[in-house]
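Listed below, chain by chain, are the residues.
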Amino acid sequence: PASYTWAGEMGVNLATAFFNPQHHVVQAGIRGYRDALRAQGIDPSDRQVLGVIPMYCAATEEEVLRGWEHTARYLSFFAGLDEIRPHQAPDYEHYKGESRGSQQMRDVTFEMFDQANLSLIGEPDHIIRKIAWIDEFYDQPDVLIMEVAQGGLDPDLVIPTLELFADAVMPVFT
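Residues numbered from 1 in each chain as written. Predicted model: local features only at pLDDT ≥ 70, side-chain atom pairs only at ≥ 80, totals over all residues. Heavy atoms only, no water.

Chemist: Hey, could you go over the nonpolar core for me, with residue numbers and the actual values?
Modeler: Ile-30 and Ile-127 are the most contacted members of the largest nonpolar core, which totals 38 residues. Elements that contribute at least two residues to this core include exactly helix H1 (2-10), helix H2 (23-39), strand S2 (49-57), helix H3 (61-84), helix H5 (110-115), strand S3 (120-122), helix H6 (124-137) and helix H7 (155-173). Here this core takes six residues from S2, the largest share from any one element. In this structure, Ile-30 is in contact with Tyr-4, Leu-14, Thr-16, Phe-18, Val-49 and Tyr-138, ignoring residues within four places of it in sequence. (Core = buried A, V, L, I, M, F, W, Y, C linked by side-chain atoms within 4.5 Å. Buried < 20%, exposed > 50% of the residue type's maximum accessible area, 1.4 Å probe, protein only. Helix = DSSP H or I, 4+ residues; strand = E, 2+ residues; numbered from the N terminus. Contact = heavy atoms within 4.5 Å.)

The following block contains the structure:
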C-alpha cells in the first residue's frame, strides 16, 4: 500500500492490478491513494484510478475455456520470470517459501480465478456481473484496462471477443 500512498502524494493517476488475489490490499490501497490526494489538496475526482484485468468475452462455454487457456499461459509466463529472478524487495516477502505467489499463479485453475473475481472471462452476462462487482468493491474506478490479447491469442480471436464485448456488455454501462 505504500506505493498507492506515494502515487497520491505525487498527485498522479493510479494504475493497479485487479487480478491481484489480495483484493482487500488493493481496495485499501485505492482508499489510501484517495486519502493521500486529499491531503495534498487534490480532489480525487480530478485523478483517475485505472484497474488492469484479463478479459475474454465469449459466446459459448467452449470459447470461454479457450480464452482462459491464453490467460493461463500469460500467467505462467510471468510466474516463470519470477522463478528465474524472484523479487527481493521487502514488500514481496510473502511470496517466499512453498506458497510463492508466482507458483500460485501458475497453478491456478479457471474456476479458482473466476470465483476470486480476478478476471472478466466469460459470457456477456457473466462479465456484466463481474464489472458491477469491481465497480462496487473498488469504489468506482475510472478506467478498466482489459488485457485481451495476452498469452499468444490469435488476432482472429481478439476481434470477435472485442466485438461481442462492445455489442453485449458496453451498452449496459453507457
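Still to come is the rest of the account.
Chemist: Run through the environment of Leu-37, naming residues and quoting values.
Modeler: With respect to the helices and strands, the residue Leu-37 is situated in helix H2. With a relative accessible area of 0%, Leu-37 lands in the buried category. Each C-alpha atom, one on Leu-37 and one on Arg-47, is 8.7 Å from the other, the two residues being ten residues apart in sequence. Apart from the residues lying within four places of it in its own chain, the contact partners of Leu-37 are Gly-8, Gly-11, Ile-42, Pro-44 and Arg-47.

Chemist: So what's going on with unusual backbone geometry? Which residues, and what values?
Modeler: Both trends apply: most residues other than glycine have a negative phi, and most peptide bonds are in trans. Even without being glycine, Asn-117 reaches a positive phi, approximately 60 degrees. Along the chain, Asn-117 falls in the loop between H5 and S3. Its relative accessible area of 14% is what places Asn-117 among the buried residues. Of note, Gln-140 is a non-glycine position whose phi angle comes to about 60 degrees, a positive value. Topologically, Gln-140 is positioned in the loop between H6 and strand S4 (143-147). For Gln-140, a relative accessible area of 53% puts it in the exposed group.

Chemist: Give a description of the packing of aromatic side chains that names residues and reports values.
Modeler: Taken as a whole and judged by the stated rule, the model has six aromatic pairs. Each ring, one from Phe-18 and one from Tyr-138, has its centre 4.1 Å from the other, and the planes form 5 degrees; the classification is stacked. Taken together, the residues Phe-18 in the loop between strand S1 (14-17) and H2 and Tyr-138 in the loop between H6 and S4 connect sequence positions 120 residues apart. As far as burial versus exposure is concerned, Phe-18 and Tyr-138 are alike and both buried. Ring geometry for Trp-68 and Phe-113: centres 5.1 Å apart, planes at 45 degrees, overall tilted. Separated by 45 residues along the polypeptide, Trp-68 in helix H3 and Phe-113 in helix H5 bring together distant segments of the chain. The structure contains a cluster of three or more aromatic residues connected by ring pairs, namely Phe-18, Trp-133, Phe-137 and Tyr-138. (Phe/Tyr/Trp six-rings, centres within 6.5 Å; stacked < 30°, edge-to-face > 60°.)

Chemist: Residue-level account of the packing of H1 against H2, with values.
Modeler: Interaxial distance between H1 and H2 falls to 7 Å at its minimum, and their mutual angle equals 25 degrees. As summarised for this structure, H1 and H2 are arranged roughly parallel, according to the angle between their axes. Every pair of crossing elements has a handedness; the one defined by H1 and H2 is right-handed. Within the contact between the two elements, H1 uses Tyr-4, Thr-5, Ala-7, Gly-8 and Glu-9 and H2 uses Val-26, Gly-29, Ile-30, Tyr-33, Ala-36 and Leu-37. (Axes fitted to C-alpha atoms, helices over the stretch in contact; angles between N-to-C directions. Parallel < 35°, antiparallel > 145°, perpendicular 65-115°, else oblique. Left-handed = near helix turned anticlockwise from the far one by under 90°.)

Chemist: I'd love a proper account of the pairing of S1, names of residues and values included.
Modeler: Judged by which residues are buried, S1 turns out to be one-sided: Leu-14 and Thr-16 face inward and are buried, whereas Ala-15 and Ala-17, on the alternate face, are not. By the bridge criterion, four bridges tie S1 to S2 in an arrangement that is parallel. Residue pairing for S2: Ala-17 is matched across the bridge by Val-52. (Pairing = 2+ DSSP bridges.)

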